[in-house]
Amino acid sequence: MAAAKELLQMDLYGLLGIEETASEKQVKKAYRQKALTCHPDKNPDNPKAAELFHQLSQALEVLTDAAARAAYDKICKAKKQAEERNRKLDDKRKKIKLDLEAREREAEAQSAEEVKITCTLEEEIARLREEGSRQLQEEQRLIKEQIEKERQMKQHGDPTLAGTLEETRLDSDVTPKLKLKWKSKKDDETNGGYSHEFLFSLLQKYGDVLNVLVSKKKKGSAVVEFATFKGAELAYRNEMGLRGNPLKISWLEGQPETITTDSYRQPLDSSFRPVQGSLTSERDYESVVLMRMRQAAERQRLIEEMQREDEEEKRAARA
């Protein structure tokens, strides 16, 4: 319970500099900004920086997990209510015996409730530890990549490295699109554990997701559109899905042609996701743009086809 008690002594929202109503996306953004300034790799001689980085990591873990955040918010709300009640007590009421006894009984009841909620928070923290806190690891990996990029820029004075992790898109109608496959039986109502909501929440940590189309006619298949090539590339390289039913991810459209070797991390299944070569000339770039414009029409055709399949299945079910 020590970890939970330690967290209760901290103002996690104040630590990140955000409001209590902040969205998960705002929490992650605030974490990245603050974590970059106090990362141990950038402050090797400052032990306080390492401690602050650890506290920021704890805040990210709790505030990006719905159950843990709810337990933390409930305890903070109870404390604020108790403080507000205490402020309203005047000197005369404090001297009255009955009022004192009532407050003591109330304090005992609140203490028991706080212990119960603290246990819940501790359980949620333990669960995050057991799951490996993949989200935190991914955020820290991105921060390390950015720090390494800054070092390379300082060492080599190469301004072209500044675009390694930028979220950019080509000036065309093409949006990066990934095809997802997984194992699912025809009569499996859970579709192998992958619903539209689950896929959306699973992939949005890599970047803004424009659309998730889960095929209802063909089990174990979906198409995902990202707002940026960076988000799609990160999901393609890093997301493995459920441990018992992993995802097979392939590019359907908009695969980046330029790969910076310093920032590229080869996936576990290297045969499944080949590395593309670099664009070597302006002509190559123009060819890619034209190719992707043609692929845009094919993308729209595929979306319409999947929608027609879904409508046919609905009509068949009604019949």
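Our subject is the structure listed above.
As the structure is a computational prediction, the values presented were derived from the model and not from experiment.

Novice: Could you clarify how one ought to interpret the overall build of the protein chain in this entry?
Specialist: The secondary structure content of the protein chain amounts to 11 helices and four strands. For the protein chain, buried positions account for 38% of its 319 residues. Of the contacts formed within the protein chain by residues at least 6 apart in sequence, a portion of 69% connects residues at least 24 apart. For the protein chain, the exposed area adds up to about 19600 Å²; of that, 51% sits on carbon and sulfur atoms.

Novice: Sorry if this is basic, but what is going on with the pattern of salt bridges here?
Specialist: Any two side chains of opposite charge can pair, given that their charged atoms come close. Taken as a whole, this structure holds six salt bridges when the rule is applied. Close ionic contact of E24 with K28 constitutes a salt bridge, the shortest N to O distance being 3.4 Å. With E24 and K28 both in helix α3 (residues 24–38) and four residues apart, this pair spans about one turn of that helix. Relative accessible area serves as the criterion here: at 31%, E24 is assigned to the partly exposed category.

Novice: Hey, could you run me through the nonpolar core in this one?
Specialist: In globular proteins that are soluble, nonpolar side chains generally tend to be buried together. Grouped together as the largest cluster of nonpolar side chains are 33 residues, with contacts concentrated most on L12, L16, I18, Y31, L63 and L121. Of all the elements in the fold, those that place two or more residues in this core are α1 (2–8), α2 (12–16), α3, α4 (47–63), α5 (66–88), α7 (97–130) and α8 (134–156). Tallying contributions element by element places α4 first for this core, with seven residues. When neighbours within four sequence positions are excluded, L121 is seen to be in contact with A4, L8, A68, A71, Y72 and I75. Core analysis: the next-biggest nonpolar cluster, separate from the first, contains 22 residues, Y194, L199, L203 and A232 among them.

Novice: What should I look at first to understand the pairing of strand β2 (residues 209–214) in this one?
Specialist: The side chains of a regular strand alternate, residue by residue, between the two faces of the sheet. Two strands pair when backbone bridges link them, and β2 and strand β3 (residues 221–226) are joined in this way by five bridges, in the antiparallel orientation. Residue pairing across strands places V214 opposite A222, the latter belonging to β3. From the end of β2 to the start of β3, which pair antiparallel, there are six residues, and G220 there has a positive phi angle of about 70°.

Novice: What exactly am I supposed to notice about the sheet that holds strand β4 (residues 248–253) here?
Specialist: Strand pairing in a sheet takes place through backbone hydrogen bonds and is either antiparallel or parallel in direction. Strand order in this open sheet of four strands is β2-β3-β1-β4, and the pairing throughout is antiparallel. Of all the strands in the sheet, the pair left with one neighbour each is β2 and β4. Across the sheet, the mean angle separating the axes of adjacent strands is 20° when strand polarity is ignored. Relative to β3, strand β1 (residues 177–181) runs antiparallel, the two being bridged by five bridges. Each residue of the ladder has a partner; that of K179, found in β3, is V223. Relative to β2, helix α9 (residues 196–203) is tilted by about 145°, and along the sheet it contacts β1, β2 and β3. Sitting on the sheet, helix α10 (residues 229–238) is in contact with β1, β3 and β4, with an inclination near 150° to β4.

Novice: Got a minute to help me understand the packing of α5 against α7 in this structure?
Specialist: For any two helices packed against each other, one specifies the crossing angle of their axes together with the interaxial distance. Remark: α5 packs on α7, axes separated minimally by 8 Å, with the N-to-C direction vectors making an angle of 160°. Of the possible angle classes, the one that applies to α5 and α7 is roughly antiparallel. Note on packing geometry: the crossing formed by α5 with α7 is left-handed. Seen from α5, the contacting residues are A67, A68, A71, Y72, K74, I75, K79, A82 and R85; seen from α7, they are E106, Q110, E113, E114, I117, T118, T120, L121, E124 and R127. For the contact of α5 with α7, the class distribution of residues is eight nonpolar, three polar and eight charged.

Novice: For this particular structure, what's the right way to read unusual backbone geometry?
Specialist: A negative phi angle characterises most non-glycine residues, just as the trans form characterises most peptide bonds. For N191, which is not glycine, the phi torsion reads 55° and is therefore positive. Counting through the fold element by element, N191 comes out in the loop between β1 and α9.

Novice: When you look at α4 in this model, what are you seeing that I'm missing?
Specialist: Its 17 residues give α4 an end-to-end C-alpha distance of 25 Å, which sits within 8% of 24 Å, the value for a rise of 1.5 Å per residue. If you check which residues of α4 are buried, you get A49, F53, L56, S57, Q58, A59, L60, E61, V62 and L63. At the N-terminal boundary of α4, the capping side chain belongs to N46, with an oxygen 3.1 Å from the backbone nitrogen of K48.

Novice: Looking at this model, I keep getting lost on the packing of aromatic side chains. Mind explaining?
Specialist: Aromatic ring pairs are defined here through the distance separating the ring centres and the angle between the ring planes. As enumerated under the stated definition, the model contains four aromatic pairs in all. On the numbers, 6.2 Å between centres and 45° between planes, the contact of Y13 with Y72 is tilted. Of this pair, Y13 sits in helix α2 while Y72 sits in helix α5, and the two are 59 residues apart along the sequence. Across the pair, Y72 and Y13 agree in class, each one buried. Measuring from centroid to centroid gives 4.8 Å for W182 and Y194, while their planes differ by 40°, and the two rings are tilted. With W182 in the loop between β1 and α9 and Y194 in the loop between β1 and α9, the pair connects residues that are 12 residues apart, well separated along the chain.

Novice: What am I meant to see in a positive patch on the surface here?
Specialist: On the surface, a cluster of positive charge is made up of K181, K183, K218 and K248. Judged by relative accessible area, which is 37%, K181 ranks as partly exposed.

Definitions and limits used
- Residues numbered from 1 in each chain as written.
- Predicted model: local features only at pLDDT ≥ 70, side-chain atom pairs only at ≥ 80, totals over all residues.
- Heavy atoms only, no water.
- Helix = DSSP H or I, 4+ residues; strand = E, 2+ residues; numbered from the N terminus.
- Buried < 20%, exposed > 50% of the residue type's maximum accessible area, 1.4 Å probe, protein only.
- Contact = heavy atoms within 4.5 Å.
- Areas by Shrake-Rupley, 256 points an atom, 1.4 Å probe, with all protein chains shown as cover.
- Salt bridge = Lys/Arg side-chain N within 4 Å of Asp/Glu carboxyl O.
- Core = buried A, V, L, I, M, F, W, Y, C linked by side-chain atoms within 4.5 Å.
- Pairing = 2+ DSSP bridges.
- Axes fitted to C-alpha atoms, helices over the stretch in contact; angles between N-to-C directions.
- Parallel < 35°, antiparallel > 145°, perpendicular 65-115°, else oblique.
- Left-handed = near helix turned anticlockwise from the far one by under 90°.
- Nonpolar A, V, L, I, M, F, W, Y, C, P; charged D, E, K, R; others polar.
- Expected span 1.5 Å × (residues − 1).
- Polar contact = N/O pair within 3.5 Å; in protein donor to acceptor, adjacent residues only side chain to side chain.
- Phe/Tyr/Trp six-rings, centres within 6.5 Å; stacked < 30°, edge-to-face > 60°.
- Patch = residues over 30% accessible without salt bridge, like charges linked within 9 Å, V, L, I, M, F, W, Y side chains within 5 Å.
- Lys, Arg positive; Asp, Glu negative; His and termini not counted.
- Charge placed at Lys NZ, Arg CZ, Asp CG, Glu CD.

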